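Overview (structure and organization)
Below, each chain spelled out in residue letters.
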Amino acid sequence: MKNTKKIPVVGDGSWAAIIPFVLITSCFALWGFANDITTPLVKAFSKIFRMSVTEGTLVQVAFYGGYFAMAFPAAMFIRRYTYKAGVMLGLGLYALGAFLFFPAKMTGSYYPFLVAYFILTCGLSFLETSCNPYILSMGSEETATRRLNLAQAFNPMGAMLGMYVAMEFIQRRLHPLDTSERALLSDSEFATVRDMDLATLIAPYLVIGVVTLCMLILIRLMKMPKNGDSSGKIDFGPTMKRLLNVQRYREGVLVQFFYVGAQIMCWTFIIQYGTRLFMSMGMGEQDAEVRSQLYNIIAMGVFCVSRFVCTFLLRFFNPGLLLRTLGIGAALFTLGVIFFQNIWGMYCIVGVSACMSLMFPTIYGIALKGLGEDAKFGAAGLIMAILGGSILPPLQASIIDQHVLFGMPAVNLSFILPFTCYLIVTFYGNRAYRKKWA
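Residues numbered from 1 in each chain as written. Predicted model: local features only at pLDDT ≥ 70, side-chain atom pairs only at ≥ 80, totals over all residues. Heavy atoms only, no water.

This part is about the overall build of the protein. The helix and strand inventory of the protein stands at 21 helices and 2 strands. Radius of gyration (C-alpha) of the protein: 21 Å, near the 22 Å computed for a compact globule of 438 residues. Its C-alpha atoms put the protein at 65 × 45 × 40 Å along the principal axes. The buried share among the 438 residues of the protein stands at 59%. (Helix = DSSP H or I, 4+ residues; strand = E, 2+ residues; numbered from the N terminus. Rg over C-alpha atoms; globule rule 2.2 N^0.38 Å. Buried < 20%, exposed > 50% of the residue type's maximum accessible area, 1.4 Å probe, protein only.)

On average, residues of the protein carry a pLDDT of 86, and 94% of them reach 70 or more. For the stretch residues 1-8, pLDDT sits under 50, and the model shows 16 contacts to residues farther than four places along the chain or on other chains. (pLDDT = per-residue confidence, 0-100. Contact = heavy atoms within 4.5 Å.)

What follows covers the environment of I219. Relative to the helices and strands, I219 resides in helix α11 (residues 187-221). Taking the C-alpha atoms as reference points, I219 and I24, separated by 195 residues in sequence, lie 8.6 Å from one another. In this structure I219 touches L23, C27, K84, V87, M88, L91 and M224, once residues within four positions along its chain are discounted.

Right, let's get into the packing of aromatic side chains. The tally for this structure, following the rule as stated, stands at 29 aromatic pairs. Arranged with centres 6.5 Å apart and planes meeting at 75°, the rings of Y164 and F169 form a pair that is edge-to-face. A relative accessible area of 39% places Y164 in the partly exposed class. Residue classification places F169 among the partly exposed residues on the basis of a relative accessible area of 35%. Connected via pairs of aromatic rings, a cluster forms that spans F45, F49, F63, Y64, Y67, F101, Y110, Y111, F113, Y117 and Y205. Here the basic side chain of R50 rests over the ring of F190, its NZ or CZ set 3.8 Å away from the ring centre. Of note, R291 hangs over the ring of F278, and the distance from its end group to the ring centre comes to 5.6 Å. (Phe/Tyr/Trp six-rings, centres within 6.5 Å; stacked < 30°, edge-to-face > 60°. Lys NZ or Arg CZ within 6 Å of the ring centre and 35° of its normal.)

Okay, here's the thing in structure tokens:
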């Protein structure tokens, strides 16, 4: 029989509770790093392999496809074993995917990188499926959404580091030839430039692979709480039937799909948006890309600060009310992104990030509230909803590839997709507030 003794939970002031909370919270930063070192590489891969924007978004398809593929297997694994085991397996797959960037680079081909991304994000799926409900279990249900917002606040810190590394150690160090100049290279010249760029691109992934392995060893050696760990019985069918009978959960999964899609679209295509804008101001392509990534980092900094502010506000306001308010704000800022064709459009993208800060963990917390042991499979459904980050960006990219639509830059008009997503988030926040789900 498994040992079900609980270690003290967060809030009792003991190190036995705080250290595991800190270690699991650190994992939020690790997958934030992976997400946001990858986002600007859609543009980088398009340039390195001379592809369209749509082909470049296959990075996001592979990346978020891994989340979708592993969510329910991860839930079954942690139901059979423990949250700790799920975290460790997630870290192991994360490290393996990162190390696979080296053989991918040796092939000189695009598609092995997609395989590496897929394996890496299978690990991230295990991590998110394990860590989010694990944090919810480390204390009282009354403070669960606030506790998850606090842990999630460290996700954008890792994301900011990932963006900075992408800008300083990848984008800025790529060969200065722009897209049009690369198109004129002979096959041998193209191969030389491509291989130089790939050597630059893989280095940060190899480093994060080592860091992830160190975290895996540390968690393996640490005694972790067993809050919420079950006897290991897997009742998939009955559990799913119970979950699907819960309206706030059903709707939460759908809304999370659209929210994640909107987040990835805004943070991916800020590069294309800013590159068009700054090139129209006379910048070269590489300088325009780097400047756009700087705005992306600023947006993430605003997101991070807003996450802490919103976590504080949750002490006083209903989560559904805050979700509705920030959904309206995000939709209005996105209209600015669409219709402004100057620097104010970039400012509006930064404003969107401020509004997004509350959304993921709050939708998550509302959807899983009161689910008890079913939260493990419930978490898997919400992680599968991250598939929105795989499906929606290619749709936006296909609009961007049109260059001009209805007399407007297509990249501007493409933000109608995130705008629609934020309206959906707003409606869910309103329903949560009106029905007192949160």
